[in-house]
Amino acid sequence: MTYLKNILTFLGLKALIFKIITFKLFIPIVAKYVKKALLFECLDNKHSDSFGVLVLHSSRWTLDLDVLKRSPKLKLISLDATKQQWLNNLILSPVLELFREDKRLYFHPEANPKTLKYTNKLSRYLTDFIKYFAEECDFKCIVTCNFRYVPDIEWAKASRLAGVPFIALHKECMRDESTEQFYLDLYKDRNLKFYGNKLVVYNEREKKIIVESNICEEKNIIVAGCLRIDDIIKECDHVNNSKKAVCLFSFRHVVAGLKVESRTGFYDHEGEGLIELFAQTHEAIAELAIEYPDIVFIIKPKWLSSWAEKIREVIRDGVGREIEDIKNLILTVDIDAQTLIKKSSVVIGVNSTTLLESRILQRPTIIPMFGEAGGKYKNKIYFQKYSGSEFIFPTSKEEFKEQIISAVRSENQRPPSHE
């Protein structure tokens, strides 16, 4: 197949074929090709009058989608991200190199006449495609999980033109007062726009930031909280708090609210990011695991690769042991966050929604405030107004270790306040 593609490219036929299949006449054929990759969720529990929802980027928000799946009123239809990108590239292929050279063009193609020409062409094509595809696959709206995803920009514009509502259920947008100005400056600097019908956010602070950043009109923003937390609230009075396990939701040098130039989230230059906090926190967990073999310690990054290697590196350098040699220390991405919280007696993290989930599930929740978090970036750490009442803020590595063991051994599990 690769060999055939190379031959077609060499003969100039590939571009010609792409151009031909973008004619309106061929939309039914393209639609049938894309439809083959769709995932139609189980419809056994659906009402006869339930309506279809086309889901974009389904792999990025599985827990929230699990909540939507249970609604008898909704039929979820997932579009594979590679097929969405394939559709975009049918039109944008002649200008992809321009976008790679200047990523700002994704949000502002008008800065270059050529990119503007092709994004307008894509919007017109998708308008016709979505009209046909919605009928073919029986969906009445399109949902995504982030208003900033580049592949969705022209889909949002085209959906409105096609008369199919486009809704962004914006995930991981919890905003704390400590970082309100940061996100306001960030959104304004990038001059972001949302072209869909409705933008659903976690809290009033994010709504305020979006309105003041002129991303979309206030009337199009809905504050609805985090979908997956509904289930946690329902079961918070029926959880087992006797487990002897400690869960650290790992963080990188660059956490939410920090503006540091980094492609990976890690930064090795002195004075930038939570370098010392990252090292000391992960070292402390490894040291406690060695000292208390009867307690299970779990470290969960969002993914492995370079992130896992950084964790291994600081534990190797700081403790002199490999993670695999510490039998009660587990580094994993295979267990979802909510399951880990339920299995743990103490939860640790920085600037993460999981900290709210942990408190709702009545877990002692620790936010380390030493290293750079207690100095240069102190005003960037979330939830400090709830110190003592909801969250534990140790100000040194030793205090951090003491608070973990104290919380594991304490039987006094406090439910969260309404606030």
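Here, the structure is the one placed above.
Residues numbered from 1 in each chain as written. Predicted model: local features only at pLDDT ≥ 70, side-chain atom pairs only at ≥ 80, totals over all residues. Heavy atoms only, no water.

For helix 9 (residues 180-190), the set of buried residues is E180, F182, Y183, L184, L186 and Y187. Contact partners of the buried residues in helix 9: helix 10 (204-212). Count one or two residues on from helix 9 and you reach N191, which has phi positive near 50 degrees. (Buried < 20%, exposed > 50% of the residue type's maximum accessible area, 1.4 Å probe, protein only. Helix = DSSP H or I, 4+ residues; strand = E, 2+ residues; numbered from the N terminus. Contact = heavy atoms within 4.5 Å.)

On to the sheet that holds strand 12 (residues 365-366), then. Sheet strands pair via backbone hydrogen bonds, and the direction of the pair is either parallel or antiparallel. Strands sit in the order 10-9-8-11-12 across an open sheet of five strands; the sheet is parallel. The open sheet has two edge strands, strand 10 (329-331) and strand 12, and neither has a second partner. Pairing of strand 11 (residues 346-348) with strand 12 involves two bridges; the strand directions are parallel. Of the residues in strand 12, the one forming a bridge with V347 is T365. (Pairing = 2+ DSSP bridges.)

This part is about the nonpolar core. Within soluble globular proteins, side chains that are nonpolar tend to cluster in buried spots. Within the largest apolar cluster, 117 residues are counted, with the highest numbers of intra-cluster contacts made by F129, W155, I285, L329 and I404. Top contributing element to this core by residue count: helix 7 (residues 113-137), with nine residues. Other than its neighbours up to four places away in sequence, L329 contacts I285, A286, A289, F297, I299, I315 and I323. Of all hydrophobic cores here, the second largest spans eleven residues; its members include L65, L74, L76 and V143. (Core = buried A, V, L, I, M, F, W, Y, C linked by side-chain atoms within 4.5 Å.)

A word on a positive patch on the surface. A cluster of basic residues, K114, K117, K121 and R124, forms a positive patch at the surface. The residue K117 is located in helix 7 in this model. K117 sits in the exposed class, given a relative accessible area of 53%. (Patch = residues over 30% accessible without salt bridge, like charges linked within 9 Å, V, L, I, M, F, W, Y side chains within 5 Å. Areas by Shrake-Rupley, 256 points an atom, 1.4 Å probe, with all protein chains shown as cover. Salt bridge = Lys/Arg side-chain N within 4 Å of Asp/Glu carboxyl O. Lys, Arg positive; Asp, Glu negative; His and termini not counted. Charge placed at Lys NZ, Arg CZ, Asp CG, Glu CD.)

Looking now at the sheet that holds strand 4 (residues 141-144). The strand order 1-3-2-4-5-6-7 describes an open sheet built from seven strands, whose pairing is mixed. In this open sheet, the two edge strands, each paired with only one partner strand, are strand 1 (39-40) and strand 7 (221-223). Taken together, the two bridges between strand 1 and strand 3 (residues 74-79) define a ladder with antiparallel strand orientation. Among the inter-strand pairings, L39 is bridged to a residue of strand 3, identified as S78.

On to the pairing of strand 4. What you see with strand 4 is no split at all: C141 and V143 on one side and I142 and T144 on the other are buried throughout. In the sheet, strand 2 (residues 51-56) pairs with strand 4 via three bridges, with the strands oriented parallel. Opposite L54, over in strand 4, you have I142 as the bridge partner. Here three bridges tie strand 4 to strand 5 (residues 166-169), and the two strands are oriented parallel to one another. Note that in strand 5 the partner of V143 across the bridge is I167.

Take the packing of helix 7 against helix 8 (residues 153-162) next. Packing of helix 7 against helix 8 leaves a shortest axis separation of 8 Å and a crossing angle of 50 degrees. When the axis of helix 7 is compared with that of helix 8, the two are oblique. Regarding helix 7 and helix 8, the two cross each other, and that crossing is right-handed. Here T119, L122, S123, L126, T127, F129, I130 and K131 of helix 7 lie close against helix 8, whose contacting residues are E154, W155, K157, A158, S159, L161 and A162. A class-by-class count of the residues in the contact of helix 7 with helix 8 yields eight nonpolar, four polar and three charged. (Axes fitted to C-alpha atoms, helices over the stretch in contact; angles between N-to-C directions. Parallel < 35°, antiparallel > 145°, perpendicular 65-115°, else oblique. Left-handed = near helix turned anticlockwise from the far one by under 90°. Nonpolar A, V, L, I, M, F, W, Y, C, P; charged D, E, K, R; others polar.)

What follows is about the packing of aromatic side chains. Throughout the structure, instances matching the rule amount to 15 aromatic pairs. Measuring from ring centre to ring centre gives 5.8 Å for F147 and Y187, while their planes differ by 85 degrees; the resulting arrangement is edge-to-face. With F147 in the loop between strand 4 and helix 8 and Y187 in helix 9, the pair connects residues that are 40 residues apart, well separated along the chain. For the residue pair F147 and Y187, the accessibility class agrees, reading buried in each case. Here the aromatic cluster, defined as three or more aromatic residues joined through ring pairs, consists of Y125, F129, F133, F139 and W155. (Phe/Tyr/Trp six-rings, centres within 6.5 Å; stacked < 30°, edge-to-face > 60°.)

The next point concerns the pattern of salt bridges. Evaluated as defined, the whole model comprises 23 salt bridges. Across the salt bridge formed by K157 and E154, the nearest N and O atoms sit 3.3 Å from each other. Remark: E154 and K157 occur in helix 8; sequence separation between them is three residues, near one turn of the helix. K157 sits in the partly exposed class, given a relative accessible area of 23%. Here the residues in one salt-bridge network are E180, R205, K208 and E212, joined through shared partners.

Another point: the environment of N203. When you line up the elements, N203 lands in the loop between strand 6 (198-201) and helix 10. Spatially, the C-alpha atom of N203 lies 8.9 Å from that of C226, the residues being 23 residues apart in sequence. In contact with N203, other than residues within four places in its own chain, are C173, M174, R175 and V223. For N203, the side chain forms a polar contact with the main-chain oxygen of R175, separated by 3.0 Å. A distance of 3.0 Å separates the side chain of N203 from the backbone nitrogen of E206, its partner in a polar contact. (Polar contact = N/O pair within 3.5 Å; in protein donor to acceptor, adjacent residues only side chain to side chain.)

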